[in-house]
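Observations on the model geometry
For reference, the chains in residue letters:
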Amino acid sequence: MQISILLAHPDKNSFNHAIAKTARQVLRRLGYHVIYHDLYAEGFDPVFTKRELSGKGPLALGIKTHCEEISRADGIIVVHPNWWGQPPAVLKGWVDRVLRDGVAYRFNEGDNGEGVPVGLLRAKTAMIFNTSNTPIQREKDVFGDPLEQLWKYCIFHFCGVCHIFRKTYGVIVTSTPAERKRWLEDVGRSIAEQFPPVKSNKKRQPRR
Ligand SMILES: Cc1cc2nc3c(=O)[nH]c(=O)nc-3n(C[C@H](O)[C@H](O)[C@H](O)COP(=O)(O)O)c2cc1C
């Protein structure tokens, strides 16, 4: 069983990195094969070019690999800070270039793209972990929590991933080490709830 983790934060010492590392640790302990992408560290190029948009010619090798991985994933975890109510641009670019027509969704024959898409991703569950400096209630009341709409409806439901778990941790800027420790424990617990332990296929060795 394979889970893809997508992390978008430029600072290795950030709380976002701590979340993603915790997710990777917990998933491995549960028996999952984890594909881990730190998009900044990998220098992911978010620019969707005219040539790529035209669909002519082969996909860049790196993008092809991302497409194959996300198609195979049994679950997806996305980790990023709230930047202007949006993901950092590097992750927006990953969505543009990787969750493409024919990989993550398609339209039925006779539908030129204006109708209802058919989701193609195999994953049934996606978890999104966000951080912010705006108190969560104010984010909902004043800004309408745009990240909820974006990930749940505009992206994952569109691609056939129906079960979405999203959690925002904050306020980060005033948080204490004890709070952050509790939040990381919460990340681990939430992941274990969404992704049950993988049963091992290894045969037990008989006792001698
Ligand atoms: C470019 C930029 C835009 C930001 N926009 C928002 C925002 O719209 N709402 C918010 O609550 N915090 C905003 N922040 C604060 C970040 O969400 C916050 O620094 C981050 O969640 C802290 O997590 P970290 O310690 O992992 O960096 C922004 C920060 C940056 C750098």
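Residues numbered from 1 in each chain as written. Predicted model: local features only at pLDDT ≥ 70, side-chain atom pairs only at ≥ 80, totals over all residues. Heavy atoms only, no water.

1. Here's the deal with the packing of aromatic side chains
Tallying each qualifying case throughout the model produces 9 aromatic pairs. Measuring from ring centre to ring centre gives 5.8 Å for Tyr 105 and Phe 107, while their planes differ by 75°; the resulting arrangement is edge-to-face. Since its relative accessible area comes to 17%, Tyr 105 is described here as buried. Taking the centre distance of 5.7 Å and the plane angle of 25° together, the rings of Trp 151 and Phe 156 count as stacked. You'll find Trp 151 and Phe 156 in the same group, each marked buried. (Phe/Tyr/Trp six-rings, centres within 6.5 Å; stacked < 30°, edge-to-face > 60°. Buried < 20%, exposed > 50% of the residue type's maximum accessible area, 1.4 Å probe, protein only.)

2. Notes on the sheet that holds strand β2 (residues 33-38)
Whether parallel or antiparallel, the strands of a sheet pair through hydrogen bonds between backbone atoms. Across the sheet, which stays open at both edges, the 5 strands sit in the order β2-β1-β3-β6-β7 with parallel pairing between neighbours. The strands lining the two open edges of the sheet, one partner per strand, are β2 and β7 (163-169). Each strand of the sheet is rotated relative to its neighbour by a mean of 15°, with strand direction disregarded. Taken together, the 6 bridges between strand β1 (residues 2-7) and β2 define a ladder with parallel strand orientation. Looking at β2, one finds that Leu 6 is bridged to His 37. Where helix α3 (residues 61-72) meets the sheet, its contacts fall on β1, β2 and β3 (75-81), and the angle it forms with β1 comes to roughly 130°. The sheet contacts of helix α7 (residues 177-194) involve β3, β6 (125-131) and β7, and relative to β7 the element is tilted by about 175°. (Pairing = 2+ DSSP bridges. Helix = DSSP H or I, 4+ residues; strand = E, 2+ residues; numbered from the N terminus. Axes fitted to C-alpha atoms, helices over the stretch in contact; angles between N-to-C directions. Contact = heavy atoms within 4.5 Å.)

3. Looking at the nonpolar core
One finds Ile 70, Ile 76, Trp 94, Leu 99, Trp 151 and Phe 156 to be the most contacted residues of the largest nonpolar core, which totals 30 residues. Ranked by residues supplied to this core, first place goes to helix α4 (residues 89-98) with 5 residues. In this structure, Leu 7, Trp 183, Val 187 and Phe 195 belong to the second largest nonpolar core, which totals 24 residues. (Core = buried A, V, L, I, M, F, W, Y, C linked by side-chain atoms within 4.5 Å.)

4. Observations concerning the side chain of Ser 14
Mapped onto the elements, Ser 14 comes out in the loop between β1 and α1 (15-29). Look at Ser 14 and you get buried, because its relative accessible area is 11%. A polar atom in the side chain of Ser 14 sits 3.2 Å from the side chain of His 9. (Polar contact = N/O pair within 3.5 Å; in protein donor to acceptor, adjacent residues only side chain to side chain.)

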